[in-house]
Amino acid sequence: MNPRNKKRVLIFVPAYHAEATIAEVIRRIPVRLLNRYHVDVLVIDDASRDSTFARVHEESKRAGVPFNVRVLVNPVNQGYGGNQKIGYRYAVQNGYDLVALLHGDAQYAPECLPELLDSFQDEGLAAVFGSRMLTPFGALRGGMPLYKFAGNRILTWIQNRALRSNLSEFHSGYRVYSTAALQSIPFERNSNDFHFDTEIIIQLFIAKLRVAELPIPTYYGDEICRVNGLRYALNVLSATLKSRLQEMSLFYDRRFDCAPEPLGHYRPKFGYRSTHSMALGLIPEGARVLDLGCADGFMGAALKERKHCFVTGVDAIPPGGAAAGDEKGFLDDYYQADLNQGLSGIPVRRHDVVLCLDILEHLASPERLLDELREHLAKSPGAEVVMSTANVGFIVPRLMLLLGQFNYGKRGILDVTHTRLYTFASFRRCIEQAGFQVCEMKGVPAPFPMAAGDNWFSRFLLAANALLIRLARGLFAYQIFVRAKALPGVPYLLDAALEESQKKVKALAAVA
C-alpha cells in the first residue's frame, strides 16, 4: 500500500496498576498492522501506585519494538472515563484517523486489532466494537462469571429496547473509533466513571452515526475487577433513561445534545389532536389567514389544500419549501420579518384569522405583539386570533420541580428559546390585558406520537391524556389553545361616544 494512503492509527492503552500485564499487551500488538497503517501506541498511566509507568517506559526503549510507544502519566487519578477523554483528545489533536481502545490488563486480545481496524474500509463507519456476545456462550467459555454474563445480557436487552438499537453488547471495552466521529460528539462532557462507555455509545446513536460489531474472544485471568457492579448498572440505566427522556423533551443534559439539526423549524402535527389539527379544524373554508411564525409553511399548505384558504406567512427565515427565487414556497404571500420588531408593513387587517401557534413564548415581549395585533384588528369585526403556548403547569414540569429539577431543552415546554412560560391563568390574563376577549380556551394533550411513534400505544396515551385534561386541564394539558377576538380600544370607544353623542344632539334638535 502506498504510504501516503495509509491511515494514521493510535492504539490507546489506558492503564491503572497494570505492571504485571502492560508489557505483554504491547508486545502482542500485531506487527502486520504496519503493512496497512501508520501505527503509534499511547499508554496513559492513571496515577498508578505501582511500576506501570516504569514498565511501559522500559518497553518503549527495548530494541526491536516495531511501534513508536509513548507513555504519559496523570498526576491525579482521572478514572476510567476521564483517562479515555485524555487519550481521545490526544488522538484528535495529533491528527489520527482512528483510535483503538485496548485495555492494559490483557483482558482483550491485541491480535484482533487488524480485523477491527480493517472494518473502516467502509468509510461510513464511526465506530467498531469487539463483542464477546456474538458467539453464543463464548463469553462463559472464556471464563466470564455467570453473574457478569447475566448482568451484561439483561442490561444490553434493556438498553436496546430503550434506545431502539440492536447491539449484542453495550459493555465491551474493546473499541475502535473514527476521530472524525469523536469530534462530532461531546465525549468530554461524559462521566469519568466506567459508564463512560455507555454514554459514548448513546451519543453516537443520537448523532445518527453508524457503528458495527465484530466477535472477539473472551479472556478472564487474574486481573482485579475495579467495577462496582451495582453502581455501574444503576449509572448505565440512569444514562439510558435520561437520553430517552431528552428525546421526548422531558429532560435536558448537554451530554446528549448532539442530534443532527432538523431540516425544518418544526414538525407538523396533523394526524392526532394537537394545536395544528385543532387550528385546521377551526378555520372556516375560504378564510384569509395570516400565519405568524409560519416556519416551513406546512400549516399554510394544509389550509390551502383542505380549506382552500388564502394564506400569508410571516417568519424571520423563508419557508424551507420555497424554490430558488420563490420566497412564498407553499404560501400565497410571504413577509420576511422578525416578530420581535413588530408588524410594520404587514397587512394584518386584510385577514379573517391570525395564527400565533407556539410563537408568543419565543418573543422578547409577547405583550407588545398582542397590543399591536389588537390595534390592527379592533376595527375588523369578526376577525379572530388563534393562539397556542406550552403549559408550564403540566404534571411533568411540576414533578421535576418537586425533585429539584428544572432543565431547559431543545424542544418541549422548557425549550431553551422560550422567553415566557405560561399557565392557563397567566396566559388568559396576558391575552385579556392586551385587549382581547377569550372566546375559547382548551387543553391540548402531549404529542405522544411525535415522541413514541404513531402506534396503538401512543394513541392510547393521547386518549388517556385527553380524559385527564377534562378532569384537571391545568395539571394534565401539555399546551394551551385559545381562540380570541380583539375588543375595541379606549380611543376607539371615545371616538364612538363622541360620534354617538353628535347623533343624539342632532336627533334632539330635529324634534325641537
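For clarity, every value in this text was computed on a predicted model and none was experimentally measured.

Q: Now, about the overall build of the protein chain: what can you tell me, with residues and values included?
A: Across its full length, the protein chain holds 18 helices and 14 strands. For 512 residues, the compact-globule formula gives about 24 Å, and the C-alpha radius of gyration of the protein chain, at 31 Å, lies well above that figure. Each of the three principal axes of the protein chain carries a C-alpha extent, and together these read 125 × 50 × 40 Å. When each of the 512 residues of the protein chain is scored for burial, the buried share is 50%. Sequence separation of at least 24 residues holds for 74% of the intrachain contacts in the protein chain that already meet a minimum separation of 6. As presented, the protein chain carries roughly 24,700 Å² of accessible surface, and 55% of it is formed by carbon and sulfur atoms. Between the mean site of the 59 positive side-chain charges and the mean site of the 52 negative ones, the protein chain shows a separation of 3 Å.

Q: Tell me what's going on with the nonpolar core, and back it up with residues and numbers.
A: Counting residues in hydrophobic clusters, the biggest one holds 36 residues, and the most contacted among them are Leu 373 and Met 387. Sorting the residues of this core by element identifies β8 (288-292), β11 (353-357), α12 (366-377), β12 (384-390), α14 (424-433), β13 (436-444) and β14 (479-486) as the ones contributing at least two each. With near-sequence residues (within four places) excluded, Met 387 lies in contact with Cys 356, Leu 357, Leu 360, Leu 370, Phe 427, Ile 431, Ile 480, Phe 481, Val 482 and Ala 484. By size, the runner-up hydrophobic cluster in this structure holds 35 residues, among which are Ala 18, Tyr 37, Ala 109 and Leu 113.

Q: Give me the lowdown on helix α6 (residues 146-163), citing residues and values where you can.
A: Three- or four-residue spacings in an α-helix give side chains the same orientation, since the helix completes a turn every 3.6 residues. In a regular helix each residue adds 1.5 Å, so 18 residues correspond to 26 Å; α6 covers 25 Å between its end C-alpha atoms and thus fits that length. If you check which residues of α6 are buried, you get Phe 149, Asn 152, Leu 155, Thr 156, Gln 159, Asn 160 and Leu 163. The buried side chains of α6 occupy one side of the element, clustering within an arc of 140° when seen end-on. Of the exposed residues in α6, those oriented more than 90 degrees away from the buried face are Leu 146, Tyr 147, Ile 154 and Arg 161. Buried residues belonging to α6 abut α5 (138-141), α8 (196-206) and α9 (229-247).

Q: Account for the pattern of salt bridges, with residues named and values stated.
A: Side chains carrying opposite charge are able to pair once their charged atoms draw close together. Inspection of the entire model under this criterion finds 24 salt bridges. The shortest N-O distance in the salt bridge between Glu 115 and Arg 32 comes to 3.5 Å. Highlighted residues: Glu 115 in helix α4 (residues 113-118) and Arg 32 in the loop between α1 (22-27) and β2 (37-45), separated in sequence by 83 residues. With a relative accessible area of 42%, Glu 115 lands in the partly exposed category. The class for Arg 32 is partly exposed, based on a relative accessible area of 47%. For the salt bridge of Glu 440 with Arg 483, the shortest nitrogen-to-oxygen distance reads 3.2 Å. Of the two residues, Glu 440 is situated in strand β13 and Arg 483 in strand β14; the sequence distance between them amounts to 43 residues.

Q: Give me the lowdown on the sheet that holds strand β7 (residues 210-215), citing residues and values where you can.
A: Here we have seven strands laid out as an open sheet, ordered β3-β2-β1-β4-β6-β5-β7, and mixed in their pairing. Of all strands in the sheet, those with a lone pairing partner are β3 (68-73) and β7, marking the two edges. Taken pair by pair, the neighbouring strands of this sheet meet at an average axis angle of 20°, ignoring direction. Bridge count for strand β4 (residues 98-101) against strand β6 (residues 175-178) is four bridges, and the pairing is antiparallel. From the neighbouring strand, Ala 100 faces β6, where its bridge partner is Val 176. Running at roughly 160° to β3, helix α2 (residues 52-61) makes contact with β1 (7-15), β2 and β3 of the sheet. Across the face of the sheet, helix α3 (residues 79-93) comes into contact with β1, β2, β3, β4 and β6 while running at roughly 160° to β1.

Q: Residues and numbers for the confidence of the model for the protein chain, please.
A: Mean pLDDT over the protein chain stands at 90; residues scoring 70 or higher make up 95%. Counting interchain partners and residues more than four positions distant, the pLDDT-below-50 stretch residues 321-326 has five contacts.

Q: So what about helix α18 (residues 490-511)? Which residues, and what values?
A: Taking 1.5 Å of rise per residue, the 22 residues of α18 would be expected to cover 32 Å, and the 31 Å separating its terminal C-alpha atoms lies within 8% of that figure. The element α18 is barely covered by neighbouring structure, given that only zero of its 22 residues are classed as buried.

Q: Please give an account of the environment of Lys 6 that cites residues and values.
A: Mapped onto the fold, Lys 6 is located in the segment before β1. Lys 6 sits 31 residues away from Tyr 37 along the chain, and the two C-alpha atoms are 4.9 Å apart. In terms of polar contacts, Lys 6 uses its side chain to reach the backbone carbonyl oxygen of Leu 34, at 2.8 Å.

Q: So, the packing of α8 against α9: which residues are in play, and what are the values?
A: Relative orientation of the contacting elements α8 and α9 amounts to 20°, with a least axis distance of 10 Å. Relative to α9, the element α8 lies roughly parallel. Our pair here, α8 against α9, has a crossing hand that is right-handed. Together, Thr 198, Glu 199, Ile 202 and Ile 206 of α8 and Tyr 232, Val 236, Ala 239, Thr 240 and Ser 243 of α9 make up the contact between the two elements.

Q: Outline the pairing of β4, listing residues and values.
A: Taking every second residue as pointing to the same face, both faces of β4 are buried, with Leu 98 and Ala 100 on one and Val 99 and Leu 101 on the other. Looking at chain direction, β1 and β4 are connected through four bridges and run parallel. Among the inter-strand pairings, Val 9 is bridged to a residue of β4, identified as Leu 98.

Q: How would you explain the packing of aromatic side chains if you had to name every residue and give the values?
A: Under the counting rule described, the total for this entry stands at 15 aromatic pairs. Relative to Tyr 478, the ring of Phe 394 has its centre 5.4 Å away and its plane inclined at 90°; by these criteria the two rings are edge-to-face. Placement of Phe 394 in the loop between β12 and α13 (395-402) and of Tyr 478 in the loop between α17 (473-476) and β14 is noted, with a sequence separation of 84 residues between them. Residue Phe 394 is classed as buried on the basis of its relative accessible area of 6%. The exposure class assigned to Tyr 478 is buried, which follows from its relative accessible area of 10%. An aromatic cluster of three or more residues is present, and its members are Phe 12, Tyr 88, Phe 129, Tyr 177, Phe 187 and Phe 196. The ring centre of Tyr 96 lies 4.2 Å from the NZ or CZ of Arg 8, which sits over that ring. Cation over ring: Arg 306 sits above Phe 270, and NZ or CZ is 5.3 Å from the ring centre.

Rules behind the numbers
- Residue positions are given per chain, counted from 1 along the sequence in the order it is written.
- Restriction of local features to residues with pLDDT of at least 70 applies here, the model being predicted, together with a cutoff of 80 or more for giving and counting side-chain atom pairs; totals for whole chains, interfaces and linings are based on all residues.
- Side-chain metrics in this entry use all non-hydrogen atoms of the structure; hydrogen atoms and water are not considered.
- Secondary structure elements follow DSSP: runs of H or I no shorter than four residues count as helices, runs of E no shorter than two count as strands, and numbering proceeds from the N terminus.
- Just to be clear, the radius of gyration here is over C-alpha atoms, and the globule rule we use is 2.2 Å times residues to the power 0.38.
- Think of it in three bands: residues with accessible area under 20% of the maximum for their type are buried, residues over 50% are exposed, and the middle band is partly exposed, with areas taken using a 1.4 Å probe on protein chains only.
- Note on contacts: a residue pair qualifies if any of its non-hydrogen atoms lie within 4.5 Å across the two residues.
- Using the Shrake-Rupley algorithm and a 1.4 Å probe, accessible areas are obtained, with residue cover drawn only from the displayed protein chains.
- We count Lys and Arg on the positive side and Asp and Glu on the negative side, and we leave His and both chain ends out.
- To locate a charge, the coordinates of NZ of Lys, CZ of Arg, CG of Asp or CD of Glu are taken.
- Among buried residues, those of type Ala, Val, Leu, Ile, Met, Phe, Trp, Tyr and Cys that are joined through side-chain atoms within 4.5 Å constitute a nonpolar core.
- Each helix should span, by expectation, one fewer than its residue count multiplied by 1.5 Å.
- The arc in question is formed by the directions pointing from the helix axis toward the C-beta atoms.
- By convention in these notes, a salt bridge is any Lys or Arg side-chain nitrogen within 4 Å of a carboxyl oxygen on Asp or Glu.
- Paired strands, as defined in this entry, are two strands with at least two bridges between them according to DSSP.
- Axis definition: a line fitted to C-alpha atoms, over the contacting stretch in the case of helices. Angles run 0 to 180 degrees between N-to-C directions.
- pLDDT expresses, on a scale from 0 to 100, how confident the predictor is about each individual residue.
- Polar contacts, as counted here, are pairs of nitrogen or oxygen atoms within 3.5 Å of one another; within protein the pair requires one atom able to donate a hydrogen and one able to accept it, and residues that are adjacent in sequence qualify only if both atoms are side-chain atoms.
- By the definition adopted for this analysis, an angle is roughly parallel if under 35 degrees, roughly antiparallel if over 145, roughly perpendicular if from 65 to 115, and oblique otherwise.
- Here is the rule for handedness: rotate from the far helix to the near one, and if that takes an anticlockwise turn smaller than a right angle the crossing is left-handed, while a clockwise turn gives right-handed.
- Two aromatic rings from Phe, Tyr or Trp, using only the six-membered ring of Trp, form a pair when their centres are within 6.5 Å; if the ring planes differ by under 30 degrees the pair is stacked, by over 60 it is edge-to-face, and anything between is tilted.
- Here, over-ring charges are defined by two tests on the NZ atom of lysine or the CZ atom of arginine: distance to the ring centre within 6 Å, and angle to the ring normal within 35 degrees.

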